[in-house]
Amino acid sequence: QVQLVESGGGLVQPGGSLRLSCAASGSIFSVGTMGWYRLAPGKERELVATITSGGSTNYADPLKGRFTISRDNVKNTVYLHMNTLKPEDSAVYYCNADIRPTWRITPANYWGQGTQVTVSS
């Protein structure tokens, strides 16, 4: 079994910072691209950022400069550093990863359970 477990969400004031973490665990052969998406009430799920196993990153244009994605390939963990947070950043943030479990020949796509981020004074 493979799991993605997020942590680090919570309540933060506007202008503040948060760091989200997502660790992949289980019977893992390899981890490919990892990323973060978010879902806000009344909106569709949107891409936040992705990072390949080689470290290439991709960001949603409106978030460039405020959010930074990084990963630790040894720990199979991806991070999202969020700075200068705004109320409109409030959402459930979901971790996503392409993971090849030990029992598969090809990778499968996995989602975490989500972590709530609320930006409010």
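Here, the structure is the one placed above.
Please read all numbers here as calculations on a predicted model, not as lab measurements.

Rules behind the numbers
- Residues numbered from 1 in each chain as written.
- Predicted model: local features only at pLDDT ≥ 70, side-chain atom pairs only at ≥ 80, totals over all residues.
- Heavy atoms only, no water.
- Core = buried A, V, L, I, M, F, W, Y, C linked by side-chain atoms within 4.5 Å.
- Buried < 20%, exposed > 50% of the residue type's maximum accessible area, 1.4 Å probe, protein only.
- Helix = DSSP H or I, 4+ residues; strand = E, 2+ residues; numbered from the N terminus.
- Contact = heavy atoms within 4.5 Å.
- Disulfide = S-S within 2.5 Å.
- Polar contact = N/O pair within 3.5 Å; in protein donor to acceptor, adjacent residues only side chain to side chain.
- Salt bridge = Lys/Arg side-chain N within 4 Å of Asp/Glu carboxyl O.

Here we take up the nonpolar core. By size, the foremost hydrophobic cluster in this structure holds 33 residues, and its most contacted members are Trp-36, Leu-80, Met-82, Tyr-93 and Ile-99. Top element by residues in this core is strand E9 (residues 91–101). It accounts for 5 residues. What Leu-80 contacts, discounting residues up to four positions off in sequence, is Leu-18, Arg-19, Leu-20, Trp-36, Val-48, Phe-67, Thr-68, Ile-69 and Tyr-93.

Our focus in this paragraph is the state of the cysteines. In the structure shown here, the tally under the stated rule is 1 disulfide. There is a disulfide in this structure between Cys-22 and Cys-95, and the S-S distance comes to 2.1 Å. Its torsion about the S-S bond being -80 degrees, the disulfide of Cys-22 and Cys-95 is classed as left-handed. Taken together, the residues Cys-22 in strand E3 (residues 18–26) and Cys-95 in strand E9 connect sequence positions 73 residues apart. In terms of burial, Cys-22 and Cys-95 fall into one category: buried.

Here the focus is the side chain of Ser-90. Mapped onto the fold, Ser-90 is located in the loop between strand E8 (77–82) and E9. A polar atom in the side chain of Ser-90 sits 2.9 Å from the backbone oxygen of Pro-87. Engagement of the side chain of Ser-90 in a polar contact is seen with the backbone nitrogen of Val-119, the distance being 2.8 Å. With residues up to four places along the chain from it excluded, the contact list for Ser-90 reads Ala-40, Val-117, Thr-118 and Val-119.

Let's shift gears to the pattern of salt bridges. With the rule as written, the count across this model stands at 4 salt bridges. Of the charged contacts in the structure, one is a salt bridge between Glu-46 and Arg-38, with a shortest N-O distance of 2.5 Å. Between Asp-89 and Arg-38 there is a salt bridge, and its shortest N-O distance comes to 3.0 Å. On the criterion of sequence distance, the pair formed by Asp-89 in the loop between E8 and E9 and Arg-38 in strand E4 (residues 28–39) is long-range, its members being 51 residues apart. A relative accessible area of 9% places Arg-38 in the buried class. Look at the salt bridges and you will find they share partners, linking Arg-38, Glu-46, Arg-66 and Asp-89 into a network.

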